[in-house]
Amino acid sequence: MPAAMPRQGHRSYFGGATPPVRVSVTRMATVVTALAVGFGAGAFVAAQVGPVTLLLVRTVLRGAVLPGLALGSAVALVDLLYAAAGLAGASALLTIEPLRIALGIVGALVLVAIGVRTLWSAQRLRIGAEAADEVVQPWPAFRTGFVATVSNPLTIASWAAVFAAASVAGAAADAFGTAALLIGVGLGSGAWYLLLTGALTLVRRRIGRRALVTVDAASGAGLVGLGGLLGWRAVSG
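What this report covers is the structure whose coordinates are included nearby. (Residues numbered from 1 in each chain as written. Predicted model: local features only at pLDDT ≥ 70, side-chain atom pairs only at ≥ 80, totals over all residues. Heavy atoms only, no water.)

Okay, the packing of helix 2 (residues 51–60) against helix 5 (residues 138–150) next. Put simply, helix 2 and helix 5 touch, their axes get as near as 9 Å, and they point 155° apart. As the angle between them shows, helix 2 and helix 5 are arranged roughly antiparallel. Facing helix 2, whose interface residues are P51, V52 and L55, helix 5 presents T144, G145, A148 and T149. Its residues assigned to classes, the contact of helix 2 with helix 5 shows four nonpolar, three polar and no charged. (Axes fitted to C-alpha atoms, helices over the stretch in contact; angles between N-to-C directions. Helix = DSSP H or I, 4+ residues; strand = E, 2+ residues; numbered from the N terminus. Parallel < 35°, antiparallel > 145°, perpendicular 65-115°, else oblique. Contact = heavy atoms within 4.5 Å. Nonpolar A, V, L, I, M, F, W, Y, C, P; charged D, E, K, R; others polar.)

Quick look at helix 8 (residues 209–236) now. Its 28 residues give helix 8 an end-to-end C-alpha distance of 40 Å, which sits within 8% of 40 Å, the value for a rise of 1.5 Å per residue. Regarding helix 8, the residues found buried are L212, V213, D216, S219, G220, L223, G227, L230, G231 and A234. (Expected span 1.5 Å × (residues − 1). Buried < 20%, exposed > 50% of the residue type's maximum accessible area, 1.4 Å probe, protein only.)

Before going further, it helps to examine the nonpolar core. Membership of the largest hydrophobic core comes to 23 residues, with the highest contact counts inside it found for L55, L56, L71, A148, Y193 and L200. Elements with a contribution of two residues or more to this core: helix 2, helix 3 (65–87), helix 4 (97–126), helix 5, helix 7 (175–203) and helix 8. Looking at which element gives the most residues to this core, the answer is helix 2, with five residues. The contact partners of L56, leaving out residues within four places of it in the chain, are G68, L71, G72, Y193, L196, T197 and L200. Core analysis: the second largest hydrophobic core is formed by eight residues, V78, Y82, A83 and V185 among them. (Core = buried A, V, L, I, M, F, W, Y, C linked by side-chain atoms within 4.5 Å.)

Moving on to the side chain of T53. With respect to the element layout, T53 can be found in helix 2. Taking relative accessible area as the criterion, T53 reaches 12% and is therefore assigned buried. Each residue touching T53, except ones within four places of it in the same chain, is listed here: A46, Q48, Y193 and L196.

The next point concerns the packing of aromatic side chains. Scanning all chains against the criterion turns up two aromatic pairs. Measuring from centroid to centroid gives 5.6 Å for W139 and F142, while their planes differ by 15°, and the two rings are stacked. With W139 and F142 both in helix 5 and three residues apart, this pair spans about one turn of that helix. With a relative accessible area of 56%, W139 lands in the exposed category. Aromatic pair F142 and F146: ring centres 6.4 Å apart, planes at 25°, arrangement stacked. One end of the pair is F142 and the other is F146, both in helix 5 and four residues apart, which spans about a single turn. Taking relative accessible area as the criterion, F146 reaches 26% and is therefore assigned partly exposed. (Phe/Tyr/Trp six-rings, centres within 6.5 Å; stacked < 30°, edge-to-face > 60°.)

Our next topic: a nonpolar patch on the surface. On the surface, a cluster of nonpolar side chains totalling about 360 Å² of accessible area is made up of L35, F39, I183 and L187. For the nonpolar patch, the elements supplying multiple residues, two or more each, are helix 1 (20–47) and helix 7. Relative to the elements of secondary structure, L187 occurs in helix 7. (Patch = residues over 30% accessible without salt bridge, like charges linked within 9 Å, V, L, I, M, F, W, Y side chains within 5 Å. Areas by Shrake-Rupley, 256 points an atom, 1.4 Å probe, with all protein chains shown as cover. Salt bridge = Lys/Arg side-chain N within 4 Å of Asp/Glu carboxyl O.)

Below is the structure:
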């Protein structure tokens, strides 16, 4: 009686074919690794003190938790978009000198403008002239956070470097890994700002008006300083 032949699609393991289950497990492991790498990269980049970090601190310490979360979500969105742009090769555009200088100057002017507005807010708070609805609206906070973050497109180059390292490590070996890496970036950035907002919420009750004025002044000066540094770097190359 002839030996039973393996069914089509289920070739013998000893015949050299890779079992479908093993392929699925390998792909899943790749996706999970890419997601973890993206999450770590997103959280690490978000943890760097930048324009929105300063804005978020001053906003949440005033008791405006929802606007603080809106600021964080704006940063996470821009990080995701810029990470995707860096992956797509948009960083090559930044090698065009006139474009790089123009983007740098525009970004610097935006940050300086936000910083000056923050300093003015500190002055208004000091004299008690600030209206309550100036700091409790999530949509304006999201808009400001988005503009402050997107004003530095030169970070596309940084994300391109992150993705180059991730690709070398095999975290973005295929479309699934790349998508997981991008999703991880957004989740990591958002998680950091959620954690920061929670921590600030716990300590804000101990912050008085004088401390708020100081935070506003320091945040405004920091934003102006970051804008000046961005402009100098753009012009000096």
